[in-house]
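So the chains spell out like this:
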Amino acid sequence: MRPVRCRSLRAESESENKLDGETASDSESKSEFGGSPPVPTSDDTPEVLNRALSNLSSRWKNWWVRGILTLAMITFFFIIIYLGPMVLMMIVMCVQIKCFHEIITIGYNVYHSYDLPWFRTLSWYFLLCVNYFFYGETVTDYFFTLVQREEPLRILSKYHRFISFALYLTGFCMFVLSLVKKHYRLQFYMFGWTHVTLLIVVTQSHLIIHNLFEGMIWFIVPISCVICNDIMAYMFGFFFGRTPLIKLSPKKTWEGFIGGFFATVLFGLLLSYVMSGYRCFTCPVEFNNDTNSFTVDCEPSELFQLQEYNIPVVLQSVVGWKTVRMYPFQIHSIALSTFASLIGPFGGFFASGFKRAFKIKDFANTIPGHGGIMDRFDCQYLMATFVNVYIASFIRGPNPSKLIQQFLTLRPDQQLHIFNTLKAHLVDKGMLASLEDA
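Rules of the game
Residues numbered from 1 in each chain as written. Predicted model: local features only at pLDDT ≥ 70, side-chain atom pairs only at ≥ 80, totals over all residues. Heavy atoms only, no water. Helix = DSSP H or I, 4+ residues; strand = E, 2+ residues; numbered from the N terminus. Buried < 20%, exposed > 50% of the residue type's maximum accessible area, 1.4 Å probe, protein only. Areas by Shrake-Rupley, 256 points an atom, 1.4 Å probe, with all protein chains shown as cover. Salt bridge = Lys/Arg side-chain N within 4 Å of Asp/Glu carboxyl O. 1 Å grid on protein atoms, 1.4 Å probe; cavity = no way out; pocket = protein on both sides within 12 Å on 5 of 7 lines; lining within 4 Å. Points joined across faces, edges and corners; volume = space filled by probe spheres on them. Nonpolar A, V, L, I, M, F, W, Y, C, P; charged D, E, K, R; others polar. Phe/Tyr/Trp six-rings, centres within 6.5 Å; stacked < 30°, edge-to-face > 60°. Expected span 1.5 Å × (residues − 1). Contact = heavy atoms within 4.5 Å. pLDDT = per-residue confidence, 0-100. UniProt positions renumbered as here; feature names shortened; annotations may be inferred. Pairing = 2+ DSSP bridges.

1. Considerations on the overall build of the chain
Per the secondary structure count, the chain includes 20 helices and six strands. Counting all 438 residues of the chain, 38% fall into the buried class. A total accessible area of about 26200 Å² is found for the chain, and carbon and sulfur atoms account for 65% of it.

Dropping the structure here:
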């Protein structure tokens, strides 16, 4: 009977481990890799704030620290918006690099005792390769005339994808050559770690820049909705929170989640109304070849022109109006703010699960009271993908300027063939005849 008893105790022990969130595979990984020691964190709150808030409880001290630094970050956000699209793109690039650094540093801190050859070197090399590919594609799309004007850029543009593949292939071969017999599995773990990080961070930041080129409003409103939801969910949860929302984030509450949703939708409607009236926000960001600078001047599309909508009969008696004048973009803002408040937080939950897996509180301690840059942008990356897909699915149509750019790069005989085809089509439609009569 003793073996049975021992087996029972072992089963109970395994059951306790699983209750703590640890599976059998986790235990095997610990035995192989020596566990995952937590990344040390420290209180990096500025001494001035520590002294000023020393009489408060830790709960209220944290509230004030987060509040003050949140206002500072919002102020910085307004400043970079004022500085224009180019500065915004540079900031996105810097944020991307810092987020990548924070995630890769966690892997290095956990497994650095194994002296994995070239781990950090290859990680940064792959970051360089992926950025070269994505930003090269962006330059070719949005700076086409400039690229065609400069011979070196034209050659790089023509063979851009081949060069990008050759660069990646070099890194791939370097990784294979760095494999060490006793660390095969761990090295492949870290190889996957790097590539998933690239997928999460670099791809999403590239989409953010694409959203920016569609018009600054597609950049500012989604980011602001995520920020608003983060703030309002914290405020509602702080003052009214009673019901836990999800085990991954014990401090998140249903009260904060629901309150943040309604506050974000209202905020999105108001912000969209204000911004839709300014061309500098609604016009696509384009590169002016004459001035070699970005321009945001255009005739606003129907999306940003006030229109009259009938209010449902059920609500007319409540609000006292039969119609309401609003911008069509405000309707789209409801979709954006709804995603930011209902789905966006799952990016934060995903990040919380990742941090719990490695027993760390924050990705870094860059921002006192907030953690690292990745702690602030975990929801933004998910939002960027949604906005890009939303624009491609419901907003964007064929781009005439890009079609003309591609047309001008064709051989003369190809251009003549397209011209004759287009002319015949317009004649059949009766449009060309009406233009000639005019």
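2. A closer look at the pattern of salt bridges
The full count for this structure, using the stated rule, is eight salt bridges. Arg 161 is paired through a salt bridge with Glu 137; the nearest N and O atoms lie 3.0 Å apart. Taken together, the positions of Arg 161 in helix α9 (residues 160-178) and Glu 137 in helix α6 (residues 119-142) put the pair 24 residues apart, joining distant regions of the chain. In this structure Arg 161 comes out as exposed when scored by relative accessible area, which is 57%. Given a relative accessible area of 18%, Glu 137 falls into the buried group. Residue Asp 297 is joined to Arg 279 by a salt bridge in which the shortest nitrogen-to-oxygen separation is 3.8 Å. One end of the pair, Asp 297, is in the loop between β4 (293-295) and β5 (307-310); the other, Arg 279, is in helix α13 (residues 279-282), with 18 residues separating them in the sequence. Accessibility expressed as a relative area gives 61% for Asp 297, which makes it exposed.

3. Overview of empty space enclosed by the protein
As enumerated under the stated definition, the model contains two cavities of 30 Å³ or more in all. Approximately 120 Å³ is the volume attributed to the largest cavity. In terms of lining, the largest cavity is formed by 13 residues, of which the most central are Phe 119, Leu 122, Phe 175, Gln 187 and Phe 191. Broken down by secondary-structure element, the contributors of at least two residues to the lining of the largest cavity are α6, α9 and α10 (184-213). Partitioning the lining of the largest cavity into residue classes produces nine nonpolar, four polar and no charged.

4. Side note on the packing of aromatic side chains
Summed over all chains, the structure comprises 24 aromatic pairs. Consider the rings of Phe 126 and Tyr 168, whose centres lie 5.3 Å apart with planes at 45 degrees: the pair is tilted. In this pair, Phe 126 is assigned in helix α6 and Tyr 168 in helix α9, connecting sequence segments 42 residues apart. Taking relative accessible area as the criterion, Phe 126 reaches 2% and is therefore assigned buried. Seen from their ring centres, Tyr 273 and Tyr 327 are 5.6 Å apart, and the 55 degrees between their planes marks the pair as tilted. In this pair, Tyr 273 is assigned in helix α12 (residues 254-275) and Tyr 327 in the loop between β6 (323-326) and α15 (328-342), connecting sequence segments 54 residues apart. Judged by its relative accessible area of 43%, Tyr 273 falls in the partly exposed class.

5. Here's the deal with α12
Taking 1.5 Å of rise per residue, 22 residues should cover 32 Å, and α12 covers 31 Å from first to last C-alpha, within 8% of that figure. Within the span of α12, buried status applies to Gly 256, Phe 257, Gly 259, Gly 260, Phe 261, Ala 263, Thr 264, Val 265, Gly 268, Leu 271, Ser 272 and Met 275. Packing partners of the buried residues in α12 comprise α11 (216-240), β1 (244-246), β2 (249-253), α13, α15 and α16 (345-357).

6. Quick look at the confidence of the model for the chain
In this model, the chain carries a mean pLDDT of 82, and residues with pLDDT of at least 70 account for 85%. Confidence drops under a pLDDT of 50 for residues 1-42, and excluding neighbours within four residues, the segment shows 27 contacts in the predicted structure.

7. So, the UniProt feature "transmembrane region" (unreviewed entry) in the chain
Here, UniProt's "transmembrane region" (unreviewed entry) annotation points to residues 63-83, 89-111, 118-135, 162-180, 187-209, 215-241, 253-275 and 329-351. In residues 253-275, helix accounts for 96% and strand for 4%; the two terminal C-alpha atoms are 32 Å from one another. Taken end to end, residues 329-351 comprises 91% helix and 0% strand; its first and last C-alpha atoms sit 31 Å apart.

8. A word on the pairing of β2
Of the pairings in the sheet, the one linking β1 to β2 comprises two bridges and is antiparallel in character. By the bridge assignment, Pro 244 is partnered in β2 with Thr 253. Connecting β1 to the antiparallel partner β2 that follows it, the hairpin turn spans two residues.

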